[in-house]
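Now for the letters of each chain:
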Amino acid sequence: MTDQGTSGAQPKQSKPAAQTASDHWLVRPETIRRLWIVFIAILAATVLGDFFVEHHPHFGVDGTFGFGAWYGFASCVVLVLGAKALGLLLKRPDTYYDN
Amino acid sequence: MTTSLIIPPALILICAGLTLPLFALVRLRWLVLLASPLAALWIVLTLPDGIHLNGSFLGQTLVLVKIDALARVFASVFAIMAFAGGLFALNQKSTLELSAAFVYAGSAIGVAMAGDLITMFIYWEIMAIGSTLVILSSGRRGQGAGLRYAAIHMLGGVLLMAGVAGEIAATGSVAFTAMDLSTIPRMLIFAGFLVNVGAPPLSAWLADAYPEASWSGMVFLSAFTTKTAVYVLLRGFPGTEILIPIGLFMVFYGIIFAILENDMRRILAYSIVNQVGFMVTGIGIGTEMALNGAAAHAFTHIIYKALLLMSAGSVLYMTGKRKCTDLGGLFRTMPLTCAFGIVGALAISSFPATSGFISKSMISDAAGSEHLVIVWFALAAASAGVFLHAGIKFPWFVFFQKDSGLRPPEPPWNMLASMALMAFFCIGLGLYPKPLYDMLPYPVDFVPYTGAHVVYQLQLLLFSGLAFFLMLGLLKRTMTITLDVDWLWRRPGHALASFLDRFGVYTWEWFADAVVRGATGVRKALYQHHGPKGLFGRTWPTGTMAFWTTVTLGAVVILSYL
């Protein structure tokens, strides 16, 4: 997970390694690692929050433990994969209409 | 109730737009841009409910200025938007764009305060002209997009005019009240409204045209066309069930195309369709809470979408770049623009404590209360998708992501000030929604901040965020566009038009050539026979004539004996 985040935030292979030390504190690997720790802690806290509030489900399944968490995550995975599949069919170079 | 003293707020902005080129002094021009929306806003907010100005046209009594709660929600946010847009665009050098934008904004207020179908239609068409000019004024790239935009809106205008004419002929009344889809004219009116709201199958006009406007032009464009369409649907077709699937289609279409998009402002254009989809769904559900939710969401959406587009517009203004692949790392030198963009992104995602949370949750809750199970689950999935495609994607790829090496400074003070104003509204309404709830057409019996609600929303959004960062590899931007329905008229349609053009020219040339050849032939033949040397033109000796006379007479005599 941390690897993913780090690689996502720092895809600058073209930059020399020395750059990272002098670069903005926010993009240093150490900061990004801490941000991930804080983020995961917050994620856990929102799920644990389900113990402290009383949900009023409309349909049943929306009252399951951590519903917002798993449903939100699953929806995004489906949407991204769906978009990628559609992209295979419909993506063109961005000069397509210029010709 | 009729008074003649009232100045229509719509006319204040339209006159400001039309006279703007006359003000040569820059400071005077600024005064017009800032004072006229505030004057319009003041009138909208202080005018009591009722009809304030009548007119007469073709034997019909027109209601030129009418206001009630619903009209006030839209007219006031349009005026706020004109002010913030004007402030943002003070540095815009194109007078045409600013003039057109103010005429456009004024006519949007005109639609919101129109009390009859004819007045509504007239303002509707002025809007189409104003918005087309805003797009065309951006230069070469805007030309083609502007013409395509104009063509689609002319089609919408024709549908609407046919519907309005039919409705008046059938009922004898010009009143603009709630309708059903029982007659053909009403279906045509409905279709005309749907074109402007960005409904399928023509949704592509929006993402095609808006991003081709200038850095300030798109801020204006994002606010008025689709939201006046939401307004007329709220007034004319509340509870029309077909709007639910149409709205849900728009919601997911917007998300999926935005996920694939590389142009930062086209991402936001698709997300307009997505957000308007929520409103259209709410109108289709049609309960008081759903209609309140649609109106409230239009109000908050105009503000946070303008904020997002101001943030993107500032980046475009300072860097000249619009593609995610060219941008990144701008938070270093544009921290305020980045922070304002993030506020807009949180608001569009309906984060608790932002304006989106207190409006969108009304629509979802209305679906839940009506036990519309598919609608509720679809809207929940879409709420997660909004955070993914706009809430994180826009700020991430523009301000963070990689270091693009660009180090642009912050934009001028007026652009920062307009972003600060919109960010203030986003957070202010999120924390204290009462002023907006009090404006809504129906009494609000809705508490957005319950523990369950906040926990659920945070789970939904933060785990969408987790999904985003885990799937970052899949979301990497590429130098691509995604074909949309506009492909139909930009490729096969264009090919057909050029074929017909060439075929027409060829046919005409062949026909013209044939006529010329025929005429030349006739002239030559006449010349040959009747010219100076022609058989019938030359002078003949008397003997020849006597000979032929004898031959003819002989023939007659012989024939008479047969």
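Residues numbered from 1 in each chain as written. Chains lettered and ligands numbered in written order. Predicted model: local features only at pLDDT ≥ 70, side-chain atom pairs only at ≥ 80, totals over all residues. Heavy atoms only, no water.

1. Some details on the overall build of chain A
1) Next: On a plain count of helices and strands, chain A comes out with four helices and one strand.
2) Next: The N-to-C order of helical and strand elements in chain A reads α-α-α-α-β.
3) Next: Classification of the 99 residues of chain A by burial places 32% in the buried group.
4) Next: Residue pairs in contact within chain A that sit at least 24 positions apart in sequence constitute 25% of those at least 6 positions apart. (Helix = DSSP H or I, 4+ residues; strand = E, 2+ residues; numbered from the N terminus. Buried < 20%, exposed > 50% of the residue type's maximum accessible area, 1.4 Å probe, protein only. Contact = heavy atoms within 4.5 Å.)

2. Concerning the interface of chain A and chain B
1) Next: Taken residue by residue, the interface counts 51 residues in chain A and 57 residues in chain B.
2) Next: Of the roughly 4,900 Å² buried at the junction of chain A and chain B (both faces included), carbon and sulfur atoms supply 74%.
3) Next: Applying the counting rule to chain A against chain B returns one salt bridge.
4) Next: Lys323 of chain B serves as the salt-bridge partner of Asp94 of chain A, at 3.1 Å between the closest nitrogen and oxygen.
5) Next: Scanning the region where chain A abuts chain B turns up 13 residue pairs in polar contact (both at pLDDT 80 or more).
6) Next: Secondary structure elements with two or more residues in the side of chain A that touches chain B: helix H1 (2-9), helix H3 (29-48), helix H4 (67-90) and strand S1 (91-93) of chain A.
7) Next: Sort the elements by how many residues they give to the side of chain A that touches chain B and H4 of chain A lands first, with 17 residues.
8) Next: Considered class by class, the residues forming the side of chain A that touches chain B number 28 nonpolar, 13 polar and ten charged. (Buried area = accessible area lost by both parts, 1.4 Å probe. Salt bridge = Lys/Arg side-chain N within 4 Å of Asp/Glu carboxyl O. Polar contact = N/O pair within 3.5 Å; in protein donor to acceptor, adjacent residues only side chain to side chain. Nonpolar A, V, L, I, M, F, W, Y, C, P; charged D, E, K, R; others polar.)

3. Observations concerning H4 of chain A
1) Next: For H4 of chain A, which comprises 24 residues, the first-to-last C-alpha distance of 33 Å matches the rise-based estimate of 34 Å (1.5 Å per residue) to within 8%.
2) Next: All of the buried residues in H4 of chain A are Phe67, Gly68, Ala69, Tyr71, Gly72, Ser75, Cys76, Leu79, Val80, Ala83 and Gly87 of chain A.
3) Next: If you follow the buried residues of H4 of chain A, they end up packed against H3 and S1 of chain A together with helix H10 (243-260), helix H15 (373-399), helix H18 (451-470) and helix H19 (472-475) of chain B. (Expected span 1.5 Å × (residues − 1).)

4. Quick look at the pattern of salt bridges
Close approach of charged atoms allows side chains of opposite charge to pair.
Residue and element names in this part refer to chain B.
1) Next: Taken as a whole and judged by the stated rule, the model has 18 salt bridges over all chains.
2) Next: Among the ionic pairs, Asp208 bridges to Arg490, the shortest N-O distance being 3.3 Å. Of this pair, Asp208 sits in helix H8 (residues 204-209) while Arg490 sits in helix H20 (residues 486-490); the two residues are 282 residues apart in sequence, bridging distant segments of the chain. Judged on exposure class, the residue Asp208 and its partner Arg490 are both buried.

5. Concerning the domain arrangement of chain B
Residues and elements named next belong to chain B.
1) Next: Under the domain assignment, chain B is made up of domain 1 (1-236), domain 2 (238-474) and domain 3 (493-561).
2) Next: Together, the buried faces of domain 1 and domain 2 total about 3,900 Å²; carbon and sulfur atoms form 79% of this surface.
3) Next: Counting across the interface, domain 1 meets domain 2 through two salt bridges.
4) Next: For the salt bridge of Glu212 with Arg266, the shortest nitrogen-to-oxygen distance reads 2.9 Å.
5) Next: The interface formed by domain 1 and domain 2 holds eleven residue pairs in polar contact (both at pLDDT 80 or more) in total.
6) Next: Elements represented by at least two residues in the side of domain 1 that touches domain 2 include exactly helix H2 (26-46), helix H3 (69-88), helix H7 (184-197), H8 and helix H9 (217-236).
7) Next: Across the side of domain 1 that touches domain 2, the residue classes break down as 35 nonpolar, nine polar and six charged. (Domains from an automatic or database assignment.)

6. Thoughts on the nonpolar core
1) Next: Judged by nonpolar contacts, the single largest core of 214 residues is most densely connected at Phe74, Met120, Phe193, Val197 and Phe224 of chain B.
2) Next: Here this core takes 19 residues from H15 of chain B, the largest share from any one element. (Core = buried A, V, L, I, M, F, W, Y, C linked by side-chain atoms within 4.5 Å.)

7. What to know about unusual backbone geometry
Residue and element names in this part refer to chain B.
1) Next: Cis geometry is found at the peptide bond from Pro200 to Pro201, where omega equals 5 degrees.
2) Next: With respect to the helices and strands, Pro201 occurs in the loop between H7 and H8.
3) Next: Even without glycine at this site, Ser350 takes up a positive phi of about 65 degrees.
4) Next: Its location among the elements puts Ser350 in the loop between helix H13 (335-348) and helix H14 (355-369).
5) Next: With relative accessibility at 2%, the residue Ser350 sits in the buried group.

8. Points about the packing of aromatic side chains
The relative placement of two aromatic rings is captured by the distance of their centres and the angle of their planes.
1) Next: If you walk through the whole model with that rule in mind, you get 46 aromatic pairs over all chains.
2) Next: Ring centres of Phe351 of chain B and Phe387 of chain B lie 5.7 Å apart, and the angle between their planes is 55 degrees; this geometry places the pair in the tilted category. Of the two residues, Phe351 of chain B sits in the loop between H13 and H14 while Phe387 of chain B sits in helix H15, which places them 36 residues apart along the sequence. With respect to burial, Phe351 of chain B and Phe387 of chain B carry one shared label: buried.
3) Next: Members of the aromatic cluster, each reached through a chain of ring pairs, are Trp36 and Phe39 of chain A together with Phe331, Trp396, Phe397, Phe400, Phe468 and Phe469 of chain B.
4) Next: Between Lys360 of chain B and the ring centre of Phe278 of chain B, over which it is positioned, the NZ or CZ distance is 4.5 Å. (Phe/Tyr/Trp six-rings, centres within 6.5 Å; stacked < 30°, edge-to-face > 60°. Lys NZ or Arg CZ within 6 Å of the ring centre and 35° of its normal.)

9. Some thoughts on the side chain of Ser214 of chain B
Residue and element names in this part refer to chain B.
1) Next: Turning to its location among the elements, Ser214 is positioned in the loop between H8 and H9.
2) Next: Residue class for Ser214 comes out buried when judged on its relative accessible area of 13%.
3) Next: Non-local contacts of Ser214, meaning those with residues more than four positions away in its chain, are made with Gln92, Glu97, Ser138 and Arg265.

10. Description of the state of the cysteines
1) Next: Counted according to the given criterion, the structure contains zero disulfides over all chains.
2) Next: Left without a disulfide partner, Cys76 of chain A is nearest to the cysteine sulfur of Cys324 of chain B, which lies 17 Å away. (Disulfide = S-S within 2.5 Å.)

11. What about the pairing of strand S1 (residues 50-57) of chain B?
All names here are of chain B.
1) Next: The pairing of S1 with strand S2 (residues 60-67) spans seven bridges and is classified as antiparallel. From the neighbouring strand, Asn54 faces S2, where its bridge partner is Val63.
2) Next: Following S1, the chain reverses through two residues before pairing antiparallel with S2; Leu58 in that reversal takes a positive phi of roughly 50 degrees. (Pairing = 2+ DSSP bridges.)

12. Quick notes on the packing of H2 of chain B against helix H4 (residues 95-112) of chain B
All names here are of chain B.
1) Next: The N-to-C vectors of H2 and H4 enclose an angle of 15 degrees; their axes lie 12 Å apart at closest approach. By the criterion of interaxial angle, the relationship of H2 to H4 is roughly parallel. Considering the relative orientation of H2 and H4, their crossing is left-handed. Residues Arg29, Leu33, Ser36 and Pro37 of H2 pack against Thr95, Leu98 and Phe102 of H4.
2) Next: Its residues assigned to classes, the contact of H2 with H4 shows four nonpolar, two polar and one charged. (Axes fitted to C-alpha atoms, helices over the stretch in contact; angles between N-to-C directions. Parallel < 35°, antiparallel > 145°, perpendicular 65-115°, else oblique. Left-handed = near helix turned anticlockwise from the far one by under 90°.)

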